[in-house]
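# Examination of the molecular architecture
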Amino acid sequence: MNIPEIMTGGITEIRHHKLRAFLTLIGMILGTMSIVFMTSMLNGIIISVWSGFEQLGYDGVLYVVARQPRNTMERARFNQSEGLRPEDADILLARRELVRDAAPVQQAELIFSAGGVRREVRVMGVTPPYAAVRKRFSAVGRFFNDNDLRTFGKVCILGHRLNKRLFGSEDPLGKEVTVGGARFIVVGVGAELGNTFVNDSEFIREMEGAMIPLTTLRRYFAGEESPLSYIAVKTTAVKSLGSVQAEVEAALSVAHHGIGDFQVENIAQDMLRERDQVDEIVTNWQIVLGTIAGISLLVGGIGLLSVMIISINERLYEIGMRKAIGASDLEIFLQFMVESITLALTGAGIGVGLGVGLTTSLSGFFPSGLPIDWGGAAWAVGLAISLGILFGLYPAIKASRMDPVEAMRAV
């Protein structure tokens, strides 16, 4: 049994019937192309969605906000408290076990003006830890440092959209803007937030707003006795968010002398639930798209079976002649299996190439790009080869078991 000769004969037969081979390949090509494209597209969507969730900056984050009194007695008690203070963040860090960081935040509406453009924007007074807590590092320039807080620095970080409105395509770093009548220096610009799949309204407000040092906001605009808007608390103990919330509540309850004028919003827990829901949706889509692509490839396999059976009927004399001059059943079987597998592998190769090309051409329409899912491509090729073997078995067995005399008479 000459294996190389058998393989050469099978491949030669395919080359001699190009049209029939091409028609057979169409199903395999479309099937593998759809698998590569669908898996890559779904991966691109998944990357964009998770990137959007990351940009929200709520992973492992809890908010401490003011609580409104429910009755007259509570209102009288709340008047004895100064509300949320920057010192509360220090207390949380001093008593921390599960808390990693805390960032006090105060908001105000102030007029920004530069280059003849004048806008009222939301200004956030923040401290250096805010960047790590909410993942709000400057895309251009720098974030605030401790010196900016100590010296009540008149520096600001512009939101992505606000920067475009004030300076257009110019470099804003080092330039002056007027904030509430005072001159500030631009030291940074925030990143562009959101994408097609995750586009929260808070993203727009942040990009159209600005940040200045918390101490600067309190000294020049809000008043040093004014309460904070909220405290953002960061933890890495995402599996113990209930314990983190209890730790924060206990520490601040002591600091506020038992006056419950605050409440903890466990945003991190809400984010975990949202992630689980999105993950379930993604899994369902993977099943649906995988099934559709698998069915298209299965149709290609059935087409391969049909063409192989037709090929046997057309080559009865050849089969009979080969067996008459000494070809064994195994050699006939292997010849047709080689043809079937070669057709499947060729179709899979072309389909993967077309799928990669289609994916690359559409990559620019996705905010995070559209990376090729080579795992999906390998799965498509493996499935195509498996179908080539499966649907080639019956024709190959049928051809190998033919009686040479009957085969030659049937012509």
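Scroll up a little and you will see the structure.
Described in the following lines is the structure provided in the data block. Since this is a predicted model, take the numbers as computed values, not measurements.

## Observations regarding the overall build of the protein chain
A tally of regular secondary structure across the protein chain gives 15 helices and 10 strands. Taking 2.2 N^0.38 as the reference for a compact globule, 411 residues should give roughly 22 Å; the C-alpha atoms of the protein chain span a radius of gyration of 34 Å, well beyond that estimate. Taking the principal axes of the C-alpha coordinates as reference, the protein chain spans close to 110 × 50 × 35 Å. A total of 411 residues make up the protein chain; the buried ones form 46% of that total. In the protein chain, of all internal contacts separated by at least 6 residues, the share reaching a separation of at least 24 is 79%. Accessible surface, the protein chain: about 20100 Å² in total, of which carbon and sulfur atoms supply 58%.

## Focus: the pattern of salt bridges
If you walk through the whole model with that rule in mind, you get 15 salt bridges. Note that Asp59 and Arg275 form a salt bridge whose closest N and O atoms lie 2.8 Å from each other. With Asp59 in the loop between helix H2 (18-56) and strand E1 (61-66) and Arg275 in helix H11 (residues 267-314), this residue pair connects regions lying 216 residues apart in the sequence. In this structure, Arg205 and Glu109 form a salt bridge, with 4.0 Å as the shortest nitrogen-oxygen distance. Here the residue Arg205 occupies a position in helix H8 (residues 201-207), and Glu109 occupies one in strand E2 (residues 99-114), the gap between them amounting to 96 residues. For Arg205, a relative accessible area of 42% gives the class partly exposed. Judged by its relative accessible area of 47%, Glu109 falls in the partly exposed class. Sharing partners across several salt bridges, the network here consists of Glu82, Arg85, Glu87 and Glu225.

## Here's the deal with the environment of Met321
When you line up the elements, Met321 lands in helix H12 (residues 316-324). Once the C-alpha coordinates of Met321 and Pro404 are considered, the two residues, 83 residues apart in sequence, prove to be 6.7 Å apart.

## Focus on the packing of H11 against helix H13 (residues 329-362)
Direction vectors running N to C along H11 and H13 enclose 145 degrees, while the axes themselves pass 11 Å from each other. Remark: the crossing between H11 and H13 carries right-handed chirality. Of the residues in H13, those in contact with Leu304, Met308, Ser311 and Ile312 of H11 are Phe336, Glu339, Ser340, Leu343 and Ala344. Broken down by class, the residue content of the contact of H11 with H13 amounts to six nonpolar, two polar and one charged.

## Observations concerning unusual backbone geometry
In this structure, Lys135 is a non-glycine residue whose phi angle is positive, near 55 degrees. Residue placement: Lys135 occurs in the loop between helix H5 (129-134) and strand E4 (138-141). According to the relative accessible area criterion, Lys135 is partly exposed, its value standing at 35%. You will see that Phe152, though not glycine, has its phi angle at about 50 degrees, which is positive. Looking at the secondary structure, you find Phe152 in the loop between helix H6 (146-150) and strand E5 (155-158).

## Things to note about the packing of aromatic side chains
All told, the structure shown has four aromatic pairs when counted by the stated rule. On the basis of an interplanar angle of 15 degrees and a centroid distance of 4.4 Å, the ring pair of Tyr63 and Tyr230 is categorised as stacked. One end of the pair, Tyr63, is in strand E1; the other, Tyr230, is in strand E9 (residues 230-235), with 167 residues separating them in the sequence. With respect to class, Tyr63 is no different from Tyr230; both count as buried. A connected cluster of aromatic rings, assembled from ring pairs, spans Tyr58, Tyr63 and Tyr230.

## Describing the environment of Glu225
Mapped onto the elements, Glu225 comes out in the loop between helix H9 (214-222) and E9. Given a relative accessible area of 60%, Glu225 falls into the exposed group. In this view, Glu225 contacts Arg85 and Arg218; residues no more than four positions away in its chain are not counted.

## Quick look at the packing of H12 against H13
Working note: a packed helix pair is described by the angle between its axes plus the distance between those axes. Axis separation between H12 and H13 bottoms out at 10 Å; the angle between their running directions is 145 degrees. Between H12 and H13 lies a crossing whose hand is right-handed. Note on element contacts: H13 touches H12 through Asp329, Ile332, Gln335 and Phe336, opposite Glu318, Ile319, Arg322 and Lys323. The residue inventory of the contact of H12 with H13, partitioned by class, reads three nonpolar, one polar and four charged.

## Comments concerning helix H7 (residues 160-167)
Listed in full, the buried residues belonging to H7 are Leu162, Asn163, Leu166 and Phe167. The arc that holds every buried residue of H7, seen down its axis, measures 100 degrees, which confines them to one face.

## Re the pairing of strand E8 (residues 210-213)
Looking at chain direction, strand E3 (residues 117-126) and E8 are connected through four bridges and run parallel. Counted as the bridge partner of Gly125 is Ile212 from E8.

Definitions and limits used
- Residues numbered from 1 in each chain as written.
- Predicted model: local features only at pLDDT ≥ 70, side-chain atom pairs only at ≥ 80, totals over all residues.
- Heavy atoms only, no water.
- Helix = DSSP H or I, 4+ residues; strand = E, 2+ residues; numbered from the N terminus.
- Rg over C-alpha atoms; globule rule 2.2 N^0.38 Å.
- Buried < 20%, exposed > 50% of the residue type's maximum accessible area, 1.4 Å probe, protein only.
- Contact = heavy atoms within 4.5 Å.
- Areas by Shrake-Rupley, 256 points an atom, 1.4 Å probe, with all protein chains shown as cover.
- Salt bridge = Lys/Arg side-chain N within 4 Å of Asp/Glu carboxyl O.
- Axes fitted to C-alpha atoms, helices over the stretch in contact; angles between N-to-C directions.
- Left-handed = near helix turned anticlockwise from the far one by under 90°.
- Nonpolar A, V, L, I, M, F, W, Y, C, P; charged D, E, K, R; others polar.
- Phe/Tyr/Trp six-rings, centres within 6.5 Å; stacked < 30°, edge-to-face > 60°.
- Arc of directions from axis to C-beta.
- Pairing = 2+ DSSP bridges.

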